[in-house]
Amino acid sequence: MADFLFKTEPSEYSFADLLAAGSGVWDGVRNPGALRNMREMTKGDRVFVYHTGSEKRVVGIARASGVAYPDPREPAGTPLFVIGLVPLFTLQRPVTLSTLKADPEFATSALVRQGRLSVVRLTEGQAAIIEKLGGVN
């Protein structure tokens, strides 16, 4: 299983919205690098949900309910993909971007180096740091 970080603007779709729905389809990803990361995902991969905008923090964890598939709202042949997510839980303590940037483990992460990338692959060590800081037992 792999770990990823998905960014979302909470005023458009927050982790609380995903929790309330019980599941959802993650869409709207247009960046080729982010789409490539999404297409690498498999069922059961863990997703750390990060709120952008004024929050700039990881707030919850979800799981991929399947693999990425072509966005059904787009014309055939369009290289845009979506993926199903199931929320697991809200972090006990949100983990801020500034905290992650200060950790040497994130120095080479796309989260820090490519700030506008909306789907980022995390290393096992990076995921463990977020879990620890977020109060995951």
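Scroll up a little and you will see the structure.
These numbers were taken from a predicted model, which means no experiment stands behind them.

## Some points on the packing of aromatic side chains
Centre distance and the angle of the planes are the two values used to describe a pair of aromatic rings.
Step number 1: Counted by the stated rule, this structure contains two aromatic pairs.
Step number 2: Relative to Trp 26, the ring of Phe 6 lies with its centre 5.4 Å away and its plane at 55 degrees, an arrangement referred to as tilted. On the criterion of sequence distance, the pair formed by Phe 6 in strand β1 (residues 3–8) and Trp 26 in strand β2 (residues 24–26) is long-range, its members being 20 residues apart.
Step number 3: The buried category is assigned to Phe 6, whose relative accessible area is 0%.
Step number 4: Overall, Trp 26 belongs to the buried group, its relative accessible area being 8%.

## A word on the environment of Ile 61
Step number 1: In this fold, Ile 61 is placed in strand β4 (residues 57–64).
Step number 2: Each C-alpha atom, one on Ile 61 and one on Val 47, is 5.6 Å from the other, the two residues being 14 residues apart in sequence.
Step number 3: Beyond its immediate chain neighbours, meaning those up to four positions away, Ile 61 contacts Phe 15, Arg 46, Val 47, Phe 48, Pro 87, Leu 88, Phe 89, Leu 91 and Val 136.

Reading guide: rules and limits
Residues numbered from 1 in each chain as written. Predicted model: local features only at pLDDT ≥ 70, side-chain atom pairs only at ≥ 80, totals over all residues. Heavy atoms only, no water. Phe/Tyr/Trp six-rings, centres within 6.5 Å; stacked < 30°, edge-to-face > 60°. Helix = DSSP H or I, 4+ residues; strand = E, 2+ residues; numbered from the N terminus. Buried < 20%, exposed > 50% of the residue type's maximum accessible area, 1.4 Å probe, protein only. Contact = heavy atoms within 4.5 Å.

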